[in-house]
Amino acid sequence: MLDKVVEATRAAICGDTTVVDRVFVISATEGTGVEEMKAAFAEAMPESPWLFEEDDMTDLPLRLMVAEITREKIFLRCRQEIPYQTYVETTMWKNLGNGGIRINQTVYVQKESQKGIMMGAGGTKIKAIGSDARQDIMELVDKTVHLFLHVKVDKNWKNNKRFYEEWGLDYNSMSTGKSKNKKSQSKKRR
């Protein structure tokens, strides 16, 4: 029975062409099929020299990594309330004379009500987010970290070209794609 489902899925995705060599049936809840898929991917990978040092975790700049750590803590603390509407920017990184680091970050939200949720009663939630992030950042950089978070409302932060460029993304191609989709959707409605 499962083979029929796999073949029907392949036919629906590929039609008559054979673009797909193999379909993997996996279950995130059960964890089944994952090892088979990983083994097939590993077998299909060509051998090559290391592109990075073996112990490198990422090629992201440290400023972006620490912003992502703070954003992760926002996800964990705020859950479904507002994390998908936030952007964290590391606005200052200063090495201190005592060997520590001072990091200032701005957390952008789109609405004033989101700022209130992010802050929490008496600033308790943003303080907890900062404390959690500070611990992980100190572990990453192996130094004392002084982390200062500022929450700012900017309803158009998603349209800030600079934020995309920090990640090496081409904002123009992304905005062009959005406008094409809107035009094609409006044509379909007519």
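Residues numbered from 1 in each chain as written. Predicted model: local features only at pLDDT ≥ 70, side-chain atom pairs only at ≥ 80, totals over all residues. Heavy atoms only, no water.

(A) Summary view of the packing of helix α4 (residues 112-119) against helix α5 (residues 124-141). At a closest axis distance of 5 Å, the pairing of α4 and α5 adopts a crossing angle of 65 degrees. Facing I117, M118 and M119 of α4, the residues of α5 in contact are T124, K125, I126 and I129. Across the contact of α4 with α5, the residue classes break down as 5 nonpolar, 1 polar and 1 charged. (Axes fitted to C-alpha atoms, helices over the stretch in contact; angles between N-to-C directions. Helix = DSSP H or I, 4+ residues; strand = E, 2+ residues; numbered from the N terminus. Contact = heavy atoms within 4.5 Å. Nonpolar A, V, L, I, M, F, W, Y, C, P; charged D, E, K, R; others polar.)

(B) A look at the packing of helix α3 (residues 62-78) against α5. Close contact between α3 and α5 brings their axes to 9 Å; oriented N to C, the two are set at 140 degrees. Considering the angle they form, α3 stands oblique to α5. Crossing hand, α3 versus α5: right-handed. Facing α3, whose interface residues are L62, M65, V66, I69, T70, E72, K73, I74, R77 and C78, α5 presents K125, A128, I129, D132, A133, D136, I137, L140 and V141. Of the residues assigned to the contact of α3 with α5, the class counts are 12 nonpolar, 1 polar and 6 charged. (Parallel < 35°, antiparallel > 145°, perpendicular 65-115°, else oblique. Left-handed = near helix turned anticlockwise from the far one by under 90°.)

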